[in-house]
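Commentary on secondary and tertiary structure
Here is what each chain is made of, one letter per residue.
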Amino acid sequence: MYQILIVDKNESIHVPGATGTHTFRVPALGEHILVKWQGATKVCEVEDVWTHVNLEAESPYQGAVQVLVRWSKGLDPNLYVRRFK
């Protein structure tokens, strides 16, 4: 599973289709990603990435990959695209 956590809004967004055998690349620290939340889309900077590992099960397994962003640091996607064209 793959989640985006918006730390300053205390919200988590599940990435559709990101289950067991998904092929999504995990973003790196400092990378900018587009995040859509409550009808608004912003470019947010990745502040942290971690994976939950359950060691209490009989055979340990990897849980969700979580990507931490701050909504307040978001940029207008249109300005971001214009800036990098």
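For the structure, check the block above.
Residues numbered from 1 in each chain as written. Predicted model: local features only at pLDDT ≥ 70, side-chain atom pairs only at ≥ 80, totals over all residues. Heavy atoms only, no water.

To continue, consider the packing of aromatic side chains. Under the definition given, this model contains one aromatic pair. Residues tryptophan 37 and tryptophan 71 carry aromatic rings whose centres are separated by 5.6 Å and whose planes lie at 70° to one another, so their mutual orientation is edge-to-face. Separated by 34 residues along the polypeptide, tryptophan 37 in strand E3 (residues 32–37) and tryptophan 71 in the loop between strand E5 (61–69) and helix H1 (77–84) bring together distant segments of the chain. Of the two residues examined, tryptophan 37 and tryptophan 71, each falls in the buried class. (Phe/Tyr/Trp six-rings, centres within 6.5 Å; stacked < 30°, edge-to-face > 60°. Helix = DSSP H or I, 4+ residues; strand = E, 2+ residues; numbered from the N terminus. Buried < 20%, exposed > 50% of the residue type's maximum accessible area, 1.4 Å probe, protein only.)

Keep in mind that most residues, glycine aside, have a negative phi and that most peptide bonds are trans. Phi is positive for asparagine 10, which is not a glycine, with a value near 55°. One can find asparagine 10 in the loop between strand E1 (2–6) and strand E2 (11–14). For asparagine 10, a relative accessible area of 71% gives the class exposed. Phi is positive for glutamine 38, which is not a glycine, with a value near 50°. Overall, the relative accessible area of 67% leaves glutamine 38 in the exposed class.

This part covers the sheet that holds E1. Taken together, the five strands give an open sheet; going across it, the order is E2-E1-E5-E4-E3, and neighbouring strands pair in mixed fashion. Sheet topology places E2 and E3 at the edges, where each strand pairs with a single neighbour. Averaged over all adjacent pairs, the angle separating strand axes in this sheet is 45°, with direction ignored. Note: E1 against E2, four bridges, orientation antiparallel. Bridge pairing links isoleucine 6 to glutamate 11 in E2. (Pairing = 2+ DSSP bridges. Axes fitted to C-alpha atoms, helices over the stretch in contact; angles between N-to-C directions.)

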